[in-house]
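One-letter residues, chain by chain:
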Amino acid sequence: SADDVTIDGATIGRPRGDLPTDGADSVTKNNAAPTVNANDESLSATGEASTEPRIVEFRSDRGIVPLTGIERLEKVVEELQGIDTPGILAIQTVEALDDGCRVVMSPASGATLDQLLRSHRPSWSESLNLIVQITEALAPTHERGLAHGCLQPSRIFLRNLQLTRIADFGLCLVAGVPDSVRDQESFACTAPENVSGLRFPLTPQMDIYGVGILLYRLICGRYPFRSDSQSELLRQIMEDAPQPPRQ
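So, here is what we can say about the structure in this document. (Residues numbered from 1 in each chain as written. Predicted model: local features only at pLDDT ≥ 70, side-chain atom pairs only at ≥ 80, totals over all residues. Heavy atoms only, no water.)

### Concerning the overall build of the chain
Of regular secondary structure, the chain possesses eight helices and nine strands. Residue burial in the chain is summarised as follows: out of 247 residues, 55% are buried. Surface summary for the chain: the accessible area is close to 11200 Å², and the carbon and sulfur share equals 51%. (Helix = DSSP H or I, 4+ residues; strand = E, 2+ residues; numbered from the N terminus. Buried < 20%, exposed > 50% of the residue type's maximum accessible area, 1.4 Å probe, protein only. Areas by Shrake-Rupley, 256 points an atom, 1.4 Å probe, with all protein chains shown as cover.)

Right, dumping it as structure tokens:
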């Protein structure tokens, strides 16, 4: 609809009673494409808190969202409940579907870093301050050996350049890596372990890598690995050193 936009290959729009089951549901390489009903995309970087839950649904007409991935995510959710994590968007339920998985989270407040970067280039000080906030939000989970697994701008929620929540914690356990060229940003933010399919267990090292990618994006205005070719981008992530900022 006119209210929807596409970010990282997922449909994001105003919450609706039924989640869409076509379009973004294509699956390749045994990975389910996510459909997201998030808070109102018309929010600015100073947006108010949403009262609607963030819902992410992975669907496949081949029913290939692995049960082991769902069970692992449920275990992560259980462990998170015993940790004080005010900077992490809480996961309320994980539901196995006949052809996929639905994850319901608490409402998210503010706008995403992805939205902010479309209209604002953060200064050095703003960028460093935001990175500090992200690392501090993740620290309690890292102390327990847990990790987000796939940090990217569309999962970082802000208000007035202040972090409100990091969303989709651990969801790559059921999502895998992105499934098409339309998800180039998701690929660019993915740690080599995830690209190679070794996404369990999720480790704090994956998040350290992701924070570095976010810092590069904030400071340089682009990602350290860049290519119009999906296969070439994956090769760079797996084999190459990051492109120096001056190049």
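### Brief notes about the pairing of strand β6 (residues 100–109)
In terms of residue burial, β6 counts as a mostly covered element, since eight of its 10 residues are buried. Of the strand pairs in this sheet, strand β5 (residues 91–97) and β6 are connected by six bridges, and their pairing is antiparallel. For I91, the partnering residue across the bridge sits in β6 and is M105. In textbook terms, the turn of a hairpin is the stretch between consecutive antiparallel strands, and for β5 and β6 this stretch comprises two residues. (Pairing = 2+ DSSP bridges.)

### Brief notes about the pattern of salt bridges
Scanning all chains against the criterion turns up eight salt bridges. Here E57 ties to R102 by a salt bridge, and the two come within 2.7 Å at their closest N and O atoms. One end of the pair, E57, is in strand β4 (residues 49–59); the other, R102, is in strand β6, and 45 residues separate them in sequence. The exposure class assigned to E57 is buried, which follows from its relative accessible area of 1%. Close ionic contact of E239 with R235 constitutes a salt bridge, the shortest N to O distance being 3.2 Å. Here R235 and E239 lie together in helix α8 (residues 230–239), a separation of four residues that amounts to about one turn. Among the residues examined, R235 registers a relative accessible area of 29% and is labelled partly exposed. Ionic contacts of the salt-bridge type, sharing partners, join the residues E232, R235, E239 and D240 into one network. (Salt bridge = Lys/Arg side-chain N within 4 Å of Asp/Glu carboxyl O.)

### Concerning the pairing of strand β9 (residues 162–166)
As defined by bridge partners, strand β8 (residues 156–159) adjoins β9 across four bridges and the pair is classed as antiparallel. Across the sheet, residue I156 finds its bridge partner in β9, namely I166. Counted along the chain from β8 to the antiparallel partner β9, the turn is two residues long, and its residue N160 has a positive phi close to 55 degrees.

### Points about helix α3 (residues 124–143)
Structural remark: α-helix, 3.6 residues per turn; residues separated by three or four positions point the same way. With 20 residues, α3 should reach 28 Å at 1.5 Å per residue; the first-to-last C-alpha distance of 28 Å fits that figure. Most pronounced at A137, the bend in α3 amounts to some 30 degrees, and the proline P140 follows within four residues. Taken together, the buried positions of α3 are S127, L130, I131, Q133, I134, A137, L138 and T141. Positive phi appears at G145, one or two residues downstream of α3, with a value of about 80 degrees. (Expected span 1.5 Å × (residues − 1). Bend = angle between axes of the 7 residues up to and from the residue.)

### Observations concerning the side chain of R155
Considering the arrangement of structural elements, one finds R155 in the loop between α3 and β8. In this structure R155 touches H148, C150, R165, I166, A167 and D168, once residues within four positions along its chain are discounted. (Contact = heavy atoms within 4.5 Å.)

### Observations regarding the side chain of D207
Relative to the elements of secondary structure, D207 occurs in helix α7 (residues 204–220). One buried charged residue, D207, forms no salt bridge at all, with the nearest opposite charge on R155 at 9.1 Å. Within the local environment of D207, its side chain forms a polar contact with the side chain of H142, the two groups lying 2.8 Å apart. D207 has contacts with L138, H142, A147, H148, G149, C150 and L151, leaving out every residue within four places of it along the chain. (Lys, Arg positive; Asp, Glu negative; His and termini not counted. Polar contact = N/O pair within 3.5 Å; in protein donor to acceptor, adjacent residues only side chain to side chain.)

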